[in-house]
Amino acid sequence: MITGLQHISFTVSDIEEAKSFFVDKLGFKAANEIRVVKGERVEKIIGFPALEMRITNVILPDNTNVELIEYVSPKGKKIDLSTCNPGVAHVGFVVDDVEKTYQEWKAKGVQFVYEPQWASAGALKGWGISYFRGPDGITMEIMEAPKGVKLHPATGCPIED
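Note that this is a predicted model, so its numbers are computed, not measured.

Student: Would you explain the overall build of the protein in this entry?
Tutor: Within the protein one finds three helices and ten strands. Ordering the α and β elements of the protein from the N terminus gives β-α-β-β-α-β-β-β-α-β-β-β-β. Once the C-alpha set of the protein is aligned to its principal axes, its extents read approximately 55 × 40 × 30 Å. Considering only contacts within the protein whose residues lie at least 6 apart along the sequence, 47% involve residues at least 24 apart. As displayed, the protein offers around 10200 Å² of accessible surface, 54% of which is attributable to carbon and sulfur atoms. Treating the 18 positive side-chain charges of the protein as one cloud and the 22 negative ones as another, the clouds have centres 3 Å apart.

Student: Even after reading the chapter, I still don't get a nonpolar patch on the surface, so can you show me in this structure?
Tutor: Among the surface-exposed residues, Ile45, Ile46 and Phe48 lie close enough to one another that they form a single nonpolar patch of about 270 Å² accessible area. With respect to the helices and strands, Ile45 occurs in helix 2 (residues 40-46).

Student: Help me understand the pairing of strand 9 (residues 128-133) in this model?
Tutor: Only one face of strand 9 is buried, namely the one carrying Gly128, Ser130 and Phe132, since none of Ile129, Tyr131 and Arg133 on the opposite face is buried. As paired strands, strand 7 (residues 111-112) and strand 9 are joined by two bridges and run antiparallel to one another. Paired with Gln111 across the strands is Arg133, a residue of strand 9. Where strand 8 (residues 117-118) and strand 9 come together, two bridges link them in antiparallel fashion. Residue pairing in the sheet places Gln117 in a bridge with Ile129 of strand 9. Pairing geometry for strand 9 and strand 10 (residues 139-144), over six bridges, is antiparallel. Each residue of the ladder has a partner; that of Arg133, found in strand 10, is Thr139.

Student: What is the right way to look at the pattern of salt bridges in this model?
Tutor: Between side chains of opposite charge, a pair can form as their charged atoms come close. For the coordinates displayed, the defined rule picks out five salt bridges. Note that Glu16 and Arg54 form a salt bridge whose closest N and O atoms lie 2.6 Å from each other. You can see Glu16 sitting in helix 1 (residues 15-25) and its partner Arg54 sitting in strand 4 (residues 52-59), a full 38 residues away along the chain. A relative accessible area of 41% means that Glu16 is categorised as partly exposed. As a salt-bridge pair, Lys147 and Glu144 come within 3.1 Å of each other at their nearest N and O atoms. Three or more residues are tied together by salt bridges with common partners; here these are Glu16, Arg54, Glu70 and Lys75.

Student: Would you mind going over the packing of aromatic side chains with me for this structure?
Tutor: What characterises a pair of aromatic rings is the spacing of the ring centres plus the angle enclosed by the ring planes. Enumeration according to the criterion identifies eight aromatic pairs in this entry. Here Tyr102 and Phe112 contribute two aromatic rings whose centre-to-centre distance is 4.7 Å and whose plane-to-plane angle is 65 degrees, an arrangement assigned as edge-to-face. In this pair, Tyr102 is assigned in helix 3 (residues 98-107) and Phe112 in strand 7, connecting sequence segments ten residues apart. You'll find Tyr102 and Phe112 in the same group, each marked buried. The rings of Phe10, Phe21, Phe22, Phe28 and Phe93 are connected pair by pair, giving a single aromatic cluster.

Student: Before we go on, may I ask you to explain the nonpolar core in this structure?
Tutor: Taken as a class, soluble globular proteins show a tendency for nonpolar side chains to be buried jointly. Within the largest apolar cluster, 24 residues are counted, with the highest numbers of intra-cluster contacts made by Phe10, Phe22, Phe132 and Met140. Broken down by secondary-structure element, the contributors of at least two residues to this core are helix 1, strand 5 (65-73), strand 6 (91-94), helix 3 and strand 10. In terms of residue count, the dominant contributor to this core is helix 1 (four residues).

What counts and how
Residues numbered from 1 in each chain as written. Predicted model: local features only at pLDDT ≥ 70, side-chain atom pairs only at ≥ 80, totals over all residues. Heavy atoms only, no water. Helix = DSSP H or I, 4+ residues; strand = E, 2+ residues; numbered from the N terminus. Contact = heavy atoms within 4.5 Å. Areas by Shrake-Rupley, 256 points an atom, 1.4 Å probe, with all protein chains shown as cover. Lys, Arg positive; Asp, Glu negative; His and termini not counted. Charge placed at Lys NZ, Arg CZ, Asp CG, Glu CD. Patch = residues over 30% accessible without salt bridge, like charges linked within 9 Å, V, L, I, M, F, W, Y side chains within 5 Å. Salt bridge = Lys/Arg side-chain N within 4 Å of Asp/Glu carboxyl O. Buried < 20%, exposed > 50% of the residue type's maximum accessible area, 1.4 Å probe, protein only. Pairing = 2+ DSSP bridges. Phe/Tyr/Trp six-rings, centres within 6.5 Å; stacked < 30°, edge-to-face > 60°. Core = buried A, V, L, I, M, F, W, Y, C linked by side-chain atoms within 4.5 Å.

Here you go:
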């Protein structure tokens, strides 16, 4: 039985650059130093012979663990991370003020797809949402929940009484 989510992971081409993005631009906390991981155990877990990775973690204010991995061996290749492609994921971060966060992060050089948009209808009615690009073009989003609305704790959709 699954009991929770332990971490979210992103494979990146430059771990120092990625860590800096999450810490210096987004304000996450560095959890540890960059460490080298290799050997038979991880080769079996991941499924690559002669595996060597550099790994670090950053932590959100709610203690969500974001793992950043740079594959030293085998070296990965750039892929099309357009969110319409099957298998491509993104992560949404809840913020208390989407407009303020957008302005602050944009001033720090975060590249947004578009300014925040507010849902006037549908499952996320009242939410303010803006997509942005992280290291290597990884898609992420910031989301502000509507005020004074009862929301489902897992989906964020309004609950009608």
